[in-house]
Amino acid sequence: MQKSKYVLDAIFYIILIIFTLIYIQKNSQSVADDSYITYRYAQNFIAGDGLVFNVDEHYYGSTAMGFALFLGIITFIAHGIQSLFNIQVNVNIPYIAVVVSGFSVLLIAVCWYKIVKQHNFSIFTWIGSLAFGVYFITALYSSYSPGQETYTYFALLVFSSYLFVFSKKPIASGIVLASSVMTRPDAILFAIIFFSVLTFDFYVFNKGDNKKLKNIIMAAIAFGLIIFSWEVFLYFYFGSWIPGTMTAKKAQVLLGHWKMFNVKDTLSGLNERAFPGFLIVLCFVLGAVTLLTKQSLAKKDFPMGNASKGLLKLCIVWLLFGIGLIAAYASFRVTSWPWYEIPIYFSLLNALISGILILFFNRKIVIRKRIFSALFIIAAIFIAVPTGLKAYKYIDYWRKTPNINLHISSYDPIVDYLHKSEPKGTTIATAEPGALGYKLGPSYKVIDYLGLISPGVANAIIEGDKGFYFKKWKPIYIIISWLGRYTPQDLEWFKENYELVGEFTHPYWQHHLNRGVYLYKIK
């Protein structure tokens, strides 16, 4: 029996690793332009210029500063190994970021597999774990924003909760949780919910169990010490506790060109882009779990097992985190981006999986109670069939369709021109600084006239000053691609000081604008 477990383990990991490698291959050229902002921070860090976007500005212009640091370290090590063994392979930061995303999604699947295996290992749970593992990797949301920090910070949240609840390693859990917050600050909401649920559980159901209280305190101390140190570093290095992108998001709202985040569209998108009936199934399962929990609390002869108690905590935490993210993004009145919807989906999916496992681990009780049995069967049908169809759909999509984002190469003609005409570097203003800045390199100062990575610009937009970046930096070049309130083509200072260099064409711009991108130079 033990040998067969090892064989099943090996098959499970081999299959999921194969899918992960396919994920990396298919998504290596589909990274979003905004992700390149983080990559340029990592690029300059490796070059020895510090954790900066422009070498002369210590500005907190990315919400993923910990991710930039992590990518920089991993890339530095990878390049060191290449030099040591004389390996001629082009390993760059964007590719490594996609690799990290792929293995982050894999980590989520592995954590759930280990939870299941720890409490109820059979051929049925193995098949279920494998199905969910394949779904995690092949789901549309997993390829929604590859190379972005969202998958990594979320995987660290899953790993942290696993370490605390099921592996009984509170200090390691606190460290991993802190790493998640460093990767993306949104994770602080999870930390608040996580520690609140654990504390509530202790005082209501486990008061007097000093070991449980000690574990909560140890995890909180490990988490708090790392986050405090990280915030002190951020403040002294960047002069700010929080990223400047928070102000830039307010400026984006005022400019009015982007769709606003709202609850209705988010829920509709979740139901449309996940398997059919996702939200309905979630309600079914959570309803059954609620009934089962009430029965467990009301009757001493109707206990929930230890596995179910741990899963119930996670179910509550993930549900609150998903709902909390929706409430937070809606209340902050931010513009809508794919990476906001990804963690909401995965949070609700984790709550759903927790609920399914609670029902499965209590299946004898569930079968005896007709209402539980009906809900369990309905949930199984609604999940198993659509999930399998979705998995097949995206496996087939992977097989037939290259996933390439032409946007990240759309400024390459301008990059080539500037490398030839300004080999020693220059200053250039643009609305999309990501891939352009990364490909230009550290000798070129890139100014973002939307304010994501340029200090003071977002505040100026809020105050109605559209010429702030010209007065402060007087950029040699200005790019005009998309037209909007933020582009300067109709402003007097622009007409007086800049002349057209030329129009640079690319298939991406021809498709979206039916023209090329305009490059202007100061007179």
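Residues numbered from 1 in each chain as written. Predicted model: local features only at pLDDT ≥ 70, side-chain atom pairs only at ≥ 80, totals over all residues. Heavy atoms only, no water.

*Asks:* Lay out the overall build of the protein with the relevant residues and their values.
*Replies:* Regarding its fold elements, the protein presents 22 helices and five strands. Taken over the C-alpha trace, the protein has a radius of gyration of 25 Å; the compact-globule value for 523 residues is 24 Å, and the two agree within 12%. If one aligns the C-alpha atoms of the protein with their principal axes, the spans along those axes are about 85 × 50 × 50 Å. Here the protein holds 523 residues, and the buried ones make up 55% of them. Contacts in the protein between residues at least 24 apart in sequence constitute 74% of all its contacts with a sequence separation of at least 6. Total accessible area computed for the protein in this model is approximately 23300 Å², and 64% of it derives from carbon and sulfur atoms. Seen as two clouds, the 46 positive and the 28 negative side-chain charges of the protein have centres 16 Å apart. (Helix = DSSP H or I, 4+ residues; strand = E, 2+ residues; numbered from the N terminus. Rg over C-alpha atoms; globule rule 2.2 N^0.38 Å. Buried < 20%, exposed > 50% of the residue type's maximum accessible area, 1.4 Å probe, protein only. Contact = heavy atoms within 4.5 Å. Areas by Shrake-Rupley, 256 points an atom, 1.4 Å probe, with all protein chains shown as cover. Lys, Arg positive; Asp, Glu negative; His and termini not counted. Charge placed at Lys NZ, Arg CZ, Asp CG, Glu CD.)

*Asks:* Could you give me a rundown of the sheet that holds strand E4 (residues 498–504), with the residues and numbers involved?
*Replies:* By definition, the strands of a sheet pair up through backbone hydrogen bonds, in either a parallel or an antiparallel sense. Taking strand neighbours across the sheet as the criterion, the five strands line up as E2-E1-E3-E5-E4 in an open arrangement whose pairing is mixed. If you trace the sheet from one side to the other, it starts and ends with strand E2 (445–448) and E4, each paired once. Sheet twist, expressed as the mean angle between neighbouring strand axes with direction ignored, is 25°. Relative to strand E5 (residues 517–522), E4 runs antiparallel, the two sharing six bridges. In the strand pairing of E5, glutamate 499 is matched with lysine 521. (Pairing = 2+ DSSP bridges. Axes fitted to C-alpha atoms, helices over the stretch in contact; angles between N-to-C directions.)

*Asks:* Tell me about the side chain of serine 308, and name the residues and values.
*Replies:* By the secondary structure assignment, serine 308 is in helix H13 (residues 306–332). Looking at serine 308, the relative accessible area reads 1%, which means it is buried.

*Asks:* Account for the packing of aromatic side chains, naming residues and giving values.
*Replies:* For any two aromatic rings, the description comes down to two numbers: the centre-to-centre distance and the angle of the planes. Tallied over the entire structure, the rule returns 48 aromatic pairs. Summarising the aromatic geometry, the rings of tyrosine 36 and tyrosine 438 are spaced 5.4 Å apart at their centres and angled 70° between planes, so their arrangement reads as edge-to-face. In this pair, tyrosine 36 sits in helix H2 (residues 35–46) while tyrosine 438 sits in helix H18 (residues 434–440), placing the two residues 402 residues apart along the sequence. The exposure class assigned to tyrosine 36 is buried, which follows from its relative accessible area of 6%. Residue tyrosine 438 is classed as buried on the basis of its relative accessible area, which comes to 14%. Judged by centre distance (5.0 Å) and plane angle (85°), the rings of tyrosine 508 and tryptophan 509 are edge-to-face. You'll find tyrosine 508 and tryptophan 509 in the same group, each marked buried. The cationic tip of lysine 474 hangs over the ring face of phenylalanine 470; the distance from NZ or CZ to the ring centre is 5.2 Å. (Phe/Tyr/Trp six-rings, centres within 6.5 Å; stacked < 30°, edge-to-face > 60°. Lys NZ or Arg CZ within 6 Å of the ring centre and 35° of its normal.)

*Asks:* How would you summarise the environment of isoleucine 479 if you had to cite specific residues and measurements?
*Replies:* Turning to its location among the elements, isoleucine 479 is positioned in strand E3 (residues 477–480). Take isoleucine 479: its relative accessible area is 0%, and that puts it in the buried class. Between the alpha carbons of isoleucine 479 and glutamine 295 there is a distance of 65 Å; along the sequence they are 184 residues apart. Apart from the residues within four sequence positions on either side, isoleucine 479 is in contact with Tyr411, Ile414, Ile428, Ala429, Thr430, Leu436, Tyr449, Val517, Tyr518 and Leu519.

*Asks:* Before we move on, can you summarise the packing of helix H6 (residues 150–165) against helix H7 (residues 170–183) with the specific residues and values?
*Replies:* In the contact formed by H6 and H7, the axes pass within 8 Å of each other and the chain directions differ by 165°. Taken together, H6 and H7 sit at an angle that is classed as roughly antiparallel. Once H6 is placed against H7, the crossing between them reads as left-handed. Along the contact surface, H6 presents Thr152, Tyr153, Leu156, Leu157, Phe159, Ser160, Leu163 and Phe164, while H7 presents Pro170, Ala172, Ser173, Val176, Leu177, Ser179, Ser180 and Thr183. Its residues placed into classes, the contact of H6 with H7 shows ten nonpolar, six polar and no charged. (Parallel < 35°, antiparallel > 145°, perpendicular 65-115°, else oblique. Left-handed = near helix turned anticlockwise from the far one by under 90°. Nonpolar A, V, L, I, M, F, W, Y, C, P; charged D, E, K, R; others polar.)

*Asks:* An account of empty space enclosed by the protein is requested, with residue identities and associated values reported.
*Replies:* Using the criterion set out here, one finds one cavity of 30 Å³ or more in the structure. Within this model, the largest cavity holds a volume of roughly 240 Å³. Looking at the largest cavity, it is lined by 17 residues, and the ones nearest its centre are Asp34, Thr63, Thr245, Trp339 and Leu452. At the level of elements, H2 and helix H10 (245–255) are the ones that each hand at least two residues to the lining of the largest cavity. Considering only residue class, the lining of the largest cavity consists of five nonpolar, eight polar and four charged. (1 Å grid on protein atoms, 1.4 Å probe; cavity = no way out; pocket = protein on both sides within 12 Å on 5 of 7 lines; lining within 4 Å. Points joined across faces, edges and corners; volume = space filled by probe spheres on them.)

*Asks:* How would you explain helix H4 (residues 93–119) if you had to name every residue and give the values?
*Replies:* Given 3.6 residues per turn, any residue in an α-helix points the same way as the ones three and four places further on. Over its 27 residues, H4 extends 39 Å from the first C-alpha to the last, a length consistent with the 39 Å expected when each residue adds 1.5 Å. Most of H4 is tucked away: 19 of the 27 residues are buried. Its side-chain oxygen placed 2.9 Å from the backbone nitrogen of tyrosine 95, asparagine 92 serves as the N-cap of H4. (Expected span 1.5 Å × (residues − 1). Polar contact = N/O pair within 3.5 Å; in protein donor to acceptor, adjacent residues only side chain to side chain.)

*Asks:* Account for a nonpolar patch on the surface, with residues named and values stated.
*Replies:* Residues Phe45, Ile73, Phe76, Ile77, Ile81, Leu84, Phe85 and Ile87 make up a contiguous nonpolar surface patch of about 810 Å² in total accessible area. The biggest single contributor to the nonpolar patch is helix H3 (residues 65–85), with six residues. Along the polypeptide, isoleucine 77 turns up in helix H3. (Patch = residues over 30% accessible without salt bridge, like charges linked within 9 Å, V, L, I, M, F, W, Y side chains within 5 Å. Salt bridge = Lys/Arg side-chain N within 4 Å of Asp/Glu carboxyl O.)

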